[in-house]
Amino acid sequence: MQKEPVKPSLSASPEVRDSPLGRLRSHLKSGHVYRREDFLSDSNAVDRHLKQLVDAGDLEKLAQGLYYSPKSSAFGRVPPKDEDLVEAFLKDENFLLLSPNSYNSLGLGTTQLYNKTVVYNHKRHGIFKLGNRSFEFRVKPRFPKKVDKEFLLVDLLNNLDSLAENKSDVLAMAEKQLNKFETAKLQKMVSTYGAGRTKKQVSSWLRAPQKAST
């Protein structure tokens, strides 16, 4: 089996260690995601130094202006956390990561698996490849800080047309399983995050028991 070429070490001599490049390297923290501007205060030739750090394996270039200081485990290199990657890309902590696979946890008969992660945020829209991962960024005026089952149901209904599921079956199961959700919380989630069609759908479900009891 062919061996990978040995990358040059940047700590081979005191001269290198005491140079601006060496000092920059000493500040790197394993597992941390950096933006190019994070290095400006420590480097007088940032692009050259970044290239040298990448060539030596001390950094991985994830996207334009985005770098990762690799972290190792017993199983090899550990990829950056999605949260750290997206936060560095957006330069913002205000976002929500969501996989459509999460809908399957609701018990509504959804079984499809999706190879994508959606990022609700206030800044970027489109599909961006960061490292070996692709993220679908969607600009939203509002989204919660964390995902619970009531929000998941609302989000599922908002995106039902784009899912590879039988729409009628999912709606029928959601209505049947509505008692598994906290009504007050669901109404709040629908009011805050639901699309117009979702609001009408959930409202009709919630009115149905009232009609039946009168």
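The structure presented is a predicted model; accordingly, all values stated were derived computationally and were not measured.

Re the overall build of the protein
Tallying secondary structure elements over the protein gives eight helices and nine strands in all. A total of 214 residues make up the protein; the buried ones form 39% of that total. Pairs at least 24 apart in sequence give 55% of the contacts found in the protein among residues at least 6 apart. Summing over all exposed atoms, the protein offers an accessible surface of approximately 13,300 Å²; the carbon and sulfur share of this is 50%.

Quick look at helix α4 (residues 82-90)
For the α-helix, the turn length of 3.6 residues means that residues three or four positions removed from each other point alike. Listing the buried residues of α4 in full gives Leu85, Val86, Ala88, Phe89 and Leu90. The first or second residue beyond α4 is Lys91, which carries a positive phi of 55°.

A short note on the side chain of Asp155
For Asp155, the position within the fold is in helix α5 (residues 149-158). An unpaired buried charge is present at Asp155: no salt bridge exists, and Arg138, the closest side chain of opposite charge, is 5.7 Å distant.

Description of helix α6 (residues 167-176)
Listed as buried for α6 are Val170, Leu171 and Ala174. Viewed along the axis of α6, the buried residues span an arc of 95°, placing them on a single side of the element. What points out from α6, more than 90 degrees from its buried face, is the exposed set Ser168 and Lys176. The opening residue of α6 is Asn166, an N-cap whose side-chain oxygen sits 3.1 Å from the backbone nitrogen of Ser168.

Here's the deal with the packing of aromatic side chains
Two aromatic rings are characterised by how far apart their centres lie and by the angle between their planes. A full pass over the atoms with the stated rule returns six aromatic pairs. Ring geometry for Phe128 against Phe137: centres 5.5 Å apart, planes inclined by 85°, an arrangement best described as edge-to-face. You can call Phe128 partly exposed: its relative accessible area is 22%. Owing to a relative accessible area of 1%, Phe137 belongs among the buried residues under this scheme. Considering the side-chain rings of Phe151 and Tyr193, the 5.4 Å spacing of their centres and the 90° angle between planes classify their relative orientation as edge-to-face. Taken together, the residues span a long stretch of sequence, with Phe151 in helix α5 and Tyr193 in helix α7 (residues 183-193) at a distance of 42 residues. Among the aromatic residues, ring-to-ring pairing joins Phe89, Phe128, Phe135 and Phe137 into one connected group.

Cut-off values and rules
Residues numbered from 1 in each chain as written. Predicted model: local features only at pLDDT ≥ 70, side-chain atom pairs only at ≥ 80, totals over all residues. Heavy atoms only, no water. Helix = DSSP H or I, 4+ residues; strand = E, 2+ residues; numbered from the N terminus. Buried < 20%, exposed > 50% of the residue type's maximum accessible area, 1.4 Å probe, protein only. Contact = heavy atoms within 4.5 Å. Areas by Shrake-Rupley, 256 points an atom, 1.4 Å probe, with all protein chains shown as cover. Lys, Arg positive; Asp, Glu negative; His and termini not counted. Salt bridge = Lys/Arg side-chain N within 4 Å of Asp/Glu carboxyl O. Arc of directions from axis to C-beta. Polar contact = N/O pair within 3.5 Å; in protein donor to acceptor, adjacent residues only side chain to side chain. Phe/Tyr/Trp six-rings, centres within 6.5 Å; stacked < 30°, edge-to-face > 60°.

None of this, on its own, says anything about what the molecule does.
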